[in-house]
Amino acid sequence: MPAGAKPKREREFKELESRFKQEHRYPGREEEVAARIVNKQRAQYGETQGERRKDRQGGSPDRDLPIEHYQHLTVGQIKPQLDGLNGEKLRQLRAYEDGHKRRKGVLDLLDSRLH
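Being a predicted model, the structure only gives us computed values, none of them experimental.

Brief notes about the overall build of the protein
Stage number 1. The secondary structure content of the protein amounts to six helices and zero strands.
Stage number 2. When the helices and strands of the protein are placed in sequence order, the string is α-α-α-α-α-α.
Stage number 3. Classification of the 115 residues of the protein by burial places 30% in the buried group.
Stage number 4. Put simply, of all contacts in the protein between residues at least 6 apart along the chain, 50% involve residues at least 24 apart.
Stage number 5. Carbon and sulfur atoms make up 46% of the accessible area of the protein, which amounts to about 7700 Å² in all.

Brief notes about the pattern of salt bridges
If the charged atoms of two oppositely charged side chains come close together, the side chains can form a pair.
Stage number 1. In this structure the tally under the stated criterion is 11 salt bridges.
Stage number 2. Notably, a salt bridge pairs Glu 32 with Arg 29, separated by 3.4 Å at the nearest N-O pair.
Stage number 3. Taking relative accessible area as the criterion, Glu 32 reaches 35% and is therefore assigned partly exposed.
Stage number 4. The closest approach of N and O atoms between Asp 83 and Arg 113, which form a salt bridge, is 2.8 Å. Separated by 30 residues along the polypeptide, Asp 83 in the loop between α4 (75-78) and α5 (87-99) and Arg 113 in helix α6 (residues 104-114) bring together distant segments of the chain.
Stage number 5. What makes Arg 113 partly exposed here is its relative accessible area of 32%.
Stage number 6. Three or more residues joined by partner-sharing salt bridges are found here, namely Arg 94, Asp 98, Arg 102 and Asp 111.

A few points about the packing of helix α1 (residues 7-22) against helix α2 (residues 30-44)
Stage number 1. At a closest axis distance of 9 Å, the pairing of α1 and α2 adopts a crossing angle of 145°. Every pair of crossing elements has a handedness; the one defined by α1 and α2 is right-handed. Side by side, α1 and α2 meet where Arg 9, Glu 12, Phe 13, Leu 16, Glu 17, Phe 20 and Lys 21 of the first sit next to Glu 30, Glu 31, Val 33, Ala 34, Ala 35, Ile 37, Val 38, Gln 41 and Arg 42 of the second.
Stage number 2. For the contact of α1 with α2, the class distribution of residues is eight nonpolar, one polar and seven charged.

About the thresholds
- Residues numbered from 1 in each chain as written.
- Predicted model: local features only at pLDDT ≥ 70, side-chain atom pairs only at ≥ 80, totals over all residues.
- Heavy atoms only, no water.
- Helix = DSSP H or I, 4+ residues; strand = E, 2+ residues; numbered from the N terminus.
- Buried < 20%, exposed > 50% of the residue type's maximum accessible area, 1.4 Å probe, protein only.
- Contact = heavy atoms within 4.5 Å.
- Areas by Shrake-Rupley, 256 points an atom, 1.4 Å probe, with all protein chains shown as cover.
- Salt bridge = Lys/Arg side-chain N within 4 Å of Asp/Glu carboxyl O.
- Axes fitted to C-alpha atoms, helices over the stretch in contact; angles between N-to-C directions.
- Left-handed = near helix turned anticlockwise from the far one by under 90°.
- Nonpolar A, V, L, I, M, F, W, Y, C, P; charged D, E, K, R; others polar.

Next up, the structure:
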């Protein structure tokens, strides 16, 4: 794991690597595949240097959304924040979600509020 990874990500990495070895998946590449998965998550949740830099410079993709720090929220955290949003803001969230994470639960919530 790269320097600066949070302890949670370190644990995830070790658990994935161990599981891959037990299941005999990715023989000889367990460490590489586990690192790729965890690094992808780190980038997705803004934990890498590049993502933090983009956020500081105003280039974060969720910067202009009606819910603050939207990309880091779970479905359960998003649901109560949808109350009171008008159709335009719901469509904005729907477009973002469809182009980025594509979480079925969030898309279903947004679709039900839009129809």
